[in-house]
Amino acid sequence: QVQLVESGGGLVQPGGSLRLSCAASGSIFNIYAMGWYCQAPGKQREVVATITIDGSTNYADSVKGRFTISRDNAKNTVYLQMNSLKPEDTAVYYCKSDVRELMTMVRRDYWGQGTQVTVSS
């Protein structure tokens, strides 16, 4: 089994910054793509940013130039630096990792439990 644990959410004023972290642990052989998704009340979960194992990144148009995704493969951790935050960024943020398990060699997606980000004055 693999666990993803997120941290770093909270309440921030418009224009502020937050840094989210998501650490994977457990029976891990390899982690391929990692990503961050968000879900606002009454809306579907949508992609925010993704990063491949070799560091190639993609961003939703709404966060380009404001958010930066990065990863530390030695720590099995993905980060999301969120700058110039807007009220419309308010959502629960989830990380997802494409993992090949060590014991079974099965490859599947794992999700974190989510962390709340609230942007409000």
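A quick note: this is a predicted structure, and the numbers were derived from the prediction, not measured.

## Digging into the overall build of the protein chain
When helices and strands are tallied, the protein chain shows zero helices and eleven strands. Counted from the first residue to the last, the protein chain has its helices and strands arranged as β-β-β-β-β-β-β-β-β-β-β. Taking 14 Å as the expected radius of gyration for a compact globule of 121 residues, we find that the protein chain reaches 14 Å, a close match to that expectation. In the protein chain, which comprises 121 residues, the share counted as buried stands at 41%. The long-range share in the protein chain, meaning contacts at least 24 apart out of those at least 6 apart in sequence, stands at 55%. Carbon together with sulfur atoms contributes 49% to the accessible area of the protein chain, which is approximately 6400 Å² in total. When the 12 basic and 10 acidic side-chain charges of the protein chain are each reduced to a single mean position, those positions are 1 Å apart.

## Observations regarding the state of the cysteines
Scanning the entire structure with this criterion turns up one disulfide. Linked covalently through their sulfurs, Cys 22 and Cys 95 form a disulfide whose S-S length is 1.9 Å. Between Cys 22 and Cys 95, the disulfide has an S-S torsion of 45° and is therefore right-handed. Residue Cys 22 is located in strand β3 (residues 18-26), and its partner Cys 95 is located in strand β9 (residues 91-101); the two are separated by 73 residues in the primary sequence. The buried category is assigned to Cys 22, whose relative accessible area is 0%. As a non-bridged cysteine, Cys 38 has Cys 95 as the owner of its nearest cysteine sulfur, 13 Å distant.

## Let's talk about the nonpolar core
Of all hydrophobic cores here, the largest spans 31 residues; its most connected members are Trp 36, Val 48, Phe 67, Val 78, Leu 80, Met 82 and Tyr 93. Looking at this core, the elements with two or more residues in it are β1 (2-7), β3, β4 (28-39), β5 (46-51), β7 (67-72), β8 (77-82), β9 and β11 (115-119). Per-element tally for this core: the top contributor is β4, with five residues. In this view, Leu 80 contacts Leu 18, Arg 19, Leu 20, Trp 36, Val 48, Ala 49, Phe 67, Thr 68, Ile 69 and Tyr 93; residues no more than four positions away in its chain are not counted.

## Quick notes on the packing of aromatic side chains
Across all of its chains, the model carries one aromatic pair by this definition. Here the basic side chain of Arg 45 rests over the ring of Tyr 94, its NZ or CZ set 3.6 Å away from the ring centre. Above the face of the Tyr 32 ring, Arg 107 is positioned so that its terminal group lies 3.7 Å from the ring centre.

Conventions adopted
- Residues numbered from 1 in each chain as written.
- Predicted model: local features only at pLDDT ≥ 70, side-chain atom pairs only at ≥ 80, totals over all residues.
- Heavy atoms only, no water.
- Helix = DSSP H or I, 4+ residues; strand = E, 2+ residues; numbered from the N terminus.
- Rg over C-alpha atoms; globule rule 2.2 N^0.38 Å.
- Buried < 20%, exposed > 50% of the residue type's maximum accessible area, 1.4 Å probe, protein only.
- Contact = heavy atoms within 4.5 Å.
- Areas by Shrake-Rupley, 256 points an atom, 1.4 Å probe, with all protein chains shown as cover.
- Lys, Arg positive; Asp, Glu negative; His and termini not counted.
- Charge placed at Lys NZ, Arg CZ, Asp CG, Glu CD.
- Disulfide = S-S within 2.5 Å.
- Core = buried A, V, L, I, M, F, W, Y, C linked by side-chain atoms within 4.5 Å.
- Phe/Tyr/Trp six-rings, centres within 6.5 Å; stacked < 30°, edge-to-face > 60°.
- Lys NZ or Arg CZ within 6 Å of the ring centre and 35° of its normal.

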